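Below, each chain spelled out in residue letters.
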Amino acid sequence: MKTDNLNDQRYLQFALGEEQFAIPLLSVKEVISLPEVTPIPKSPNFFKGIINLRGTVISVVDLRTKLTIKPKENNKEEATIILDINNSNLGVVVDSIDKVLNIAIESISKLPEVNSKVGNQFINGVFQKEDELILLIDLQKILNDTPIMKS
Amino acid sequence: MDDFEVELKKDFLEESLSMIDNCETSFLALDKNPGDSGLIDQIFRLAHSLKGTSRAVGFAQIAELTHIAENLLLKIKNKEIELNPHIVSTLLEFNDRVKLMVETLRADLGAEFQNHDLIGKIEDHINGKAVSSASTHPNTIAENAPIESFEEANFANFEQSPPEPIMEAEQVNSIETSPVDQTEMSEAALESMRELGFSFDTNEKKEVPKMAPVLELKKEVASPAPKTEKAPSSPAQPADESIRVALSKIEKLNNLVGEFVILQTVLEQRRFIHIQDELSVKSITQLSKISKEIQDISMSLRMIPLKQTFQKLSRTIRDTALALGKDVELTIDGENTEIDKTVLEKLADPLVHIVRNAVDHGLEIGADRTQKGKSPKGNIKIAAYHEGSNMVIKVTDDGKGIDPNVLKKKAKEKGLNVNVATMTDAQAINLIFHAGFSTKEQVTEVSGRGVGMDVVKTNIEIIGGKVDVSSTVGSGSEFKIVLPLTLAIIDAFVVEAKPERFVLPVTHVRESLILRSQDVKYLTGVGNVLNLRDEVLPLYSLSQMFGSQKAKFDPGQTVIIYHNYGDPFAVAVDSIIQQQQVVIKKIGQEIKQKEGLMGACILGDGRPTFILDLIEVIGNKIKQSKNRTIQPGLAA
């Protein structure tokens, strides 16, 4: 049993299309299956809408649409991750949730050129696990990227 | 320190804050009414009690400082010393220092303080010694402490311009001051005034001469006739039955009440149709009545009157005016208007800043005012009132006003990303809120620690409010802050604009009616209009504006008429499903920016639905296009 190293950080691994991604576990509040969504008037198409989560209204974004990744067909594993970004909640829809990773900081590498749908500026690092390449992405940057709504 | 001791100390710190606030109110009242012995007695009692309790729980330094202040107060009480604005200033300083100590101790029970300077000052007053106002007390005092170095600059001014009486001074004792080099300070202040586009005479750019005999001041100041101010007499001790409650408990309660309202609405809707037995129907009806009362009371728990904040503003004005040698008359209207505590906390700083600006940059000095035919006393009016579902706070001054042309020029010079050419004057005046305008490098003592108007605007927007300024050059300016009354459980229409539903607050609605085809016309250049009896109103389609459909005006639809404060308009929806109360839920910043989305709510079936503010989207546009400008100025 490996002892927990203070330099290890926990990440949540999930899939978008064929690629694997991970985000810091601390920013994840919960994972749910998407309830009924009310669309947001005149909003960009990656905004799915708002949902009622136990009495709180939360906006939900489809990460696959935002990154133009084709969602898996007939996907029963589709899930929504509720994140805490800047003290406000946001939901992101992903194709599947895989596992929680315990990553040592040393094992995170910076690959200069990665052929991914995600632009390089959003990738904080890369983690190699067996034969899987997992991209550690910065969700906040991705969401801030396009001006969300213009009045 | 054992737990019990810690408890004692913490309790004292909690309790003492309200005592200190009471003290400040009394000091300010005393300033206006120095002869009021009732006030002096009350202050003496407060100080005495503060001294005793602080000593008992082991805060020796607070006790020591209060003890000296108590001695001064005793002398004043026994009429051995006569009150003057400088003594009051020192007493206010004492008040600030105690407050600072209490707040520091709350964070760190072991904190120690250095009060020699203040103690020295108070002792000087006691011994009747002339007080040197060039003290070097550290700038850690709360923002609204009198700015010593500014006092210097303006005593110098007295040489060249007829001295203005300091706020409500009945007497002025001879004051010894020592020359201090503060040309830099004046420059910075002048510079920030220029930045804000105020024109001013070069008169004000003075060299600071060697200290002229300020004793001249004494003979030139005519003893002002005792003003019959509406000074408050000693505030009666309220027989107050109140209890301290943790804010978190109230928040929990409010959340639960919100859920309760939703569930009760569901029951209400099922009554008569799905639920038919008499007892159930009766109970649900009773429940609705009680629920309304619960809502009202629970909402009111967090509401506190603006009075407290207005008092702070009154203090700010006094201190700023004193520091600048200006004479200011403050009128307050609506101090009993209530507002949510958390909103109030965030509102306090922006208000202080706006008010300071009004005194510092807005109002001219007495001489300039009389020259323009204005009263030598500058007027500032602070008013608060409820308007629809909003709280409005206005700060109006009758000073120089803001010159849109100067601002436009400034904007160009600074290379700001705004289109100066197409800007109206009203828009140009609001440039002061532009980030590019705030001169963050300048830390002028009076107008805040480099806090610009853009920060003020941001802070107001964070609490969901809006701020606007209007002005007429030469006459004055008016800052208007509009805040949503939070804890919103509002009456609203649930409407259908197929396939979506939306919620429209009832507040601004005048009437609703069923649309007939003959009522709708299309006028080229104007758009769709509605013929309503003898009115012709602009007509909008909700489906088109917020839904996913094209505009449609079909017979059988419902049209909702908004009064829009005199510029009515009409909105067509498919139908009004029902009228009910809804709990406003906040929506994230990312969608809040979109015009018209004032929040969301959860309807009886659990679906989240948007609440639309059509006044914001349509109403204001109509008003703007009709070129209504708001005239500032103080209503008589």
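Residues numbered from 1 in each chain as written. Chains lettered and ligands numbered in written order. Predicted model: local features only at pLDDT ≥ 70, side-chain atom pairs only at ≥ 80, totals over all residues. Heavy atoms only, no water.

(A) Inspection of the overall build of chain A at higher detail. Within chain A, the secondary structure is distributed over two helices and 11 strands. Counted from the first residue to the last, chain A has its helices and strands arranged as β-β-β-β-β-α-β-β-β-β-β-β-α. Every one of the 151 residues in chain A was classed for burial, and the buried ones make up 46%. A sequence separation of at least 24 residues applies to 55% of the contacts in chain A between residues at least 6 apart. (Helix = DSSP H or I, 4+ residues; strand = E, 2+ residues; numbered from the N terminus. Buried < 20%, exposed > 50% of the residue type's maximum accessible area, 1.4 Å probe, protein only. Contact = heavy atoms within 4.5 Å.)

(B) Just the packing of helix α12 (residues 341-362) of chain B against helix α16 (residues 453-462) of chain B, in detail. All names here are of chain B. Contact geometry for α12 and α16: axes closest at 9 Å, N-to-C directions at 145°. Two packed elements cross with a definite hand, and for α12 against α16 that hand is left-handed. Across from P350, H353, I354 and N357 in α12, the residues of α16 making contact are M453, V456, N459 and I460. Grouping the amino acids of the contact of α12 with α16 by side-chain chemistry returns five nonpolar, three polar and no charged. (Axes fitted to C-alpha atoms, helices over the stretch in contact; angles between N-to-C directions. Left-handed = near helix turned anticlockwise from the far one by under 90°. Nonpolar A, V, L, I, M, F, W, Y, C, P; charged D, E, K, R; others polar.)

(C) Expanded view of helix α10 (residues 278-301) of chain B. Compared with an ideal rise of 1.5 Å per residue, which puts 24 residues at 34 Å, α10(B) spans 35 Å between its outermost C-alpha atoms and is within 8% of the ideal. Along α10(B), the positions that sit buried rather than exposed are V281(B), I284(B), S288(B), S291(B), Q295(B) and S298(B). (Expected span 1.5 Å × (residues − 1).)

(D) Representation of the interface of chain B and chain A. Contacts between the two partners involve 23 residues from chain B and, on the opposite side, 17 residues from chain A. Taken together, the two surfaces of chain B and chain A that pack against each other cover about 1,800 Å², and 63% of this comes from carbon and sulfur. At the surface where chain B touches chain A, the tally comes to one salt bridge. For E36(A), the salt bridge goes to R607(B), with nearest N and O atoms at 3.2 Å. Here chain B is connected to chain A by five residue pairs in polar contact (both at pLDDT 80 or more). Residues that form the side of chain B that touches chain A fall into these classes: 10 nonpolar, five polar and eight charged. (Buried area = accessible area lost by both parts, 1.4 Å probe. Salt bridge = Lys/Arg side-chain N within 4 Å of Asp/Glu carboxyl O. Polar contact = N/O pair within 3.5 Å; in protein donor to acceptor, adjacent residues only side chain to side chain.)

(E) Quick peek at the sheet that holds strand β3 (residues 28-32) of chain A. Residues and elements named next belong to chain A. The strand order across the open sheet formed by five strands is β3-β6-β7-β5-β4, and the pairing between neighbours is mixed. Both edges of this open sheet fall to β3 and β4 (47-53), since each of them pairs with a single strand only. Neighbour to neighbour, the strand axes of the sheet diverge by 30° on average, direction disregarded. In terms of strand pairing, β4 meets strand β5 (residues 56-62) through six bridges, oriented antiparallel. Each residue of the ladder has a partner; that of G49, found in β5, is V60. (Pairing = 2+ DSSP bridges.)

(F) How the structure looks around the environment of G474(B). Residues and elements named next belong to chain B. For G474, the position within the fold is in the loop between β6 (466-472) and β7 (476-484). With 71 residues separating them in the primary sequence, G474 and D403 have C-alpha atoms 8.8 Å apart. Ignoring any residue separated from it by four or fewer positions in sequence, one finds G474 in contact with K374, G399, K400 and G401.

(G) Representation of the side chain of E24(B) within the structure. As for its position among the elements, E24(B) is in helix α1 (residues 3-32). Setting aside anything within four residues of it in sequence, one finds E24(B) in contact with L92(B), N95(B), D96(B), Q311(B) and R315(B).

(H) Expanded view of the packing of α1(B) against helix α11 (residues 307-324) of chain B. Residues and elements named next belong to chain B. For the pair α1 and α11, the least separation of the axes is 11 Å and the interaxial angle reads 50°. In terms of axis orientation, α1 runs oblique to α11. The interaxial crossing formed by α1 with α11 has left-handed handedness. Residues D21, E24, T25, L28 and D31 of α1 lie in contact with α11, whose contacting residues are Q308, Q311, S314, R315 and R318. Along the lines of polarity and charge, the residues of the contact of α1 with α11 split into one nonpolar, four polar and five charged. (Parallel < 35°, antiparallel > 145°, perpendicular 65-115°, else oblique.)

(I) Region of the structure containing the packing of aromatic side chains. Residues and elements named next belong to chain B. Tallied over the entire structure, the rule returns seven aromatic pairs over all chains. What links up through ring pairs into an aromatic cluster is the set Y540, Y562 and F569. Directly above the aromatic system of F59 lies the positively charged group of K9, at a separation of 5.3 Å from the ring centroid. (Phe/Tyr/Trp six-rings, centres within 6.5 Å; stacked < 30°, edge-to-face > 60°. Lys NZ or Arg CZ within 6 Å of the ring centre and 35° of its normal.)

(J) Up close: the sheet that holds β6(B). Residues and elements named next belong to chain B. Pairing within the open sheet is mixed, and its five strands lie in the order β2-β4-β5-β7-β6. Each end of this open sheet is capped by a strand with a single partner; those strands are β2 (328-333) and β6. Neighbour-to-neighbour, the strand axes of this sheet turn through a mean angle of 15°, independent of strand direction. Inspection of the sheet shows strand β4 (residues 378-387) paired to strand β5 (residues 390-397) by eight bridges, in the antiparallel sense. What sits directly across from A384, in β5, is I393. Against the sheet, α11 engages β2 and β4, with an angle of about 170° to β2.

(K) Geometry of the pairing of strand β15 (residues 569-573) of chain B. Residue and element names in this part refer to chain B. Burial of β15 is extensive: five of the five residues sit out of reach of the surface. Neither face of β15 is open: one carries F569, V571 and V573, the other A570 and A572, and all of them are buried. Relative to β15, strand β14 (residues 558-562) runs antiparallel, the two being bridged by five bridges. Residue pairing across strands places I561 opposite A570, the latter belonging to β15. In this structure, the hairpin formed by β14 and β15 is closed by a connection of six residues, where N564 is found at a positive phi of approximately 45°.

(L) Structural detail: a nonpolar patch on the surface. On the surface, L253(B), I297(B) and L301(B) cluster together to form a nonpolar patch covering roughly 260 Å² of accessible area. Its place among the elements puts L253(B) in helix α9 (residues 247-270). (Patch = residues over 30% accessible without salt bridge, like charges linked within 9 Å, V, L, I, M, F, W, Y side chains within 5 Å. Areas by Shrake-Rupley, 256 points an atom, 1.4 Å probe, with all protein chains shown as cover.)

(M) Representation of the nonpolar core. All names here are of chain B. One finds L542 and L614 to be the most contacted residues of the largest nonpolar core, which totals 58 residues. Take this core: its biggest share by element is five residues, from helix α19 (residues 614-625). Those residues within four positions of L542 in sequence are excluded, and the remaining contacts are V495, A497, F502, G547, V571, A572, V573, L612 and L614. Ranked by size, the runner-up nonpolar core spans 45 residues in total, among them I68, L72, I87 and L109. (Core = buried A, V, L, I, M, F, W, Y, C linked by side-chain atoms within 4.5 Å.)

(N) Molecular detail of helix α14 (residues 404-413) of chain B. All names here are of chain B. All of the buried residues in α14 are P404, L407, K408, K410 and A411. Down the axis of α14, the smallest arc covering the buried residues is 160°, so these residues share one side. Opposite its buried face, α14 presents the exposed residues N405, K409, K412 and E413, each directed more than 90 degrees away. By the N-cap criterion, in which a side-chain oxygen at the helix start approaches the backbone nitrogen of a residue two or three places on, α14 is capped by D403, the distance to N405 being 3.0 Å. Backbone geometry just downstream of α14 places G415 in the positive-phi region, at approximately 65°. (Arc of directions from axis to C-beta.)

(O) Layout of the pattern of salt bridges. All told, the structure shown has 33 salt bridges over all chains when counted by the stated rule. Two residues, R64(A) and E78(A), come together in a salt bridge whose shortest N-O distance is 2.7 Å. In this pair, R64(A) is assigned in helix α1 (residues 63-66) and E78(A) in the loop between α1 and β6 (79-85), connecting sequence segments 14 residues apart. The shortest N-O distance in the salt bridge between R315(B) and E24(B) comes to 2.5 Å. A residue pair is termed long-range when its members are at least 10 positions apart, and R315(B) in helix α11 and E24(B) in helix α1 qualify at 291 residues. Both residues of the pair, R315(B) and E24(B), count as buried. The network of salt bridges with common partners includes K48(A), D62(A), R64(A), E78(A) and D95(A).

(P) Just unusual backbone geometry, in detail. Put simply, K498(B) and P499(B) share a cis peptide bond, and its omega is 0°. Inspection of the secondary structure puts P499(B) in the loop between β8 (489-497) and β9 (500-505). Phi at K42(A) is positive, roughly 50°, even though this residue is not glycine. Structurally, K42(A) can be placed in the loop between β3 and β4. Overall, K42(A) belongs to the partly exposed group, its relative accessible area being 47%. Here the phi dihedral of N74(A) falls at roughly 45°; this positive angle occurs in a residue that is not glycine. With respect to the helices and strands, N74(A) occurs in the loop between α1 and β6.

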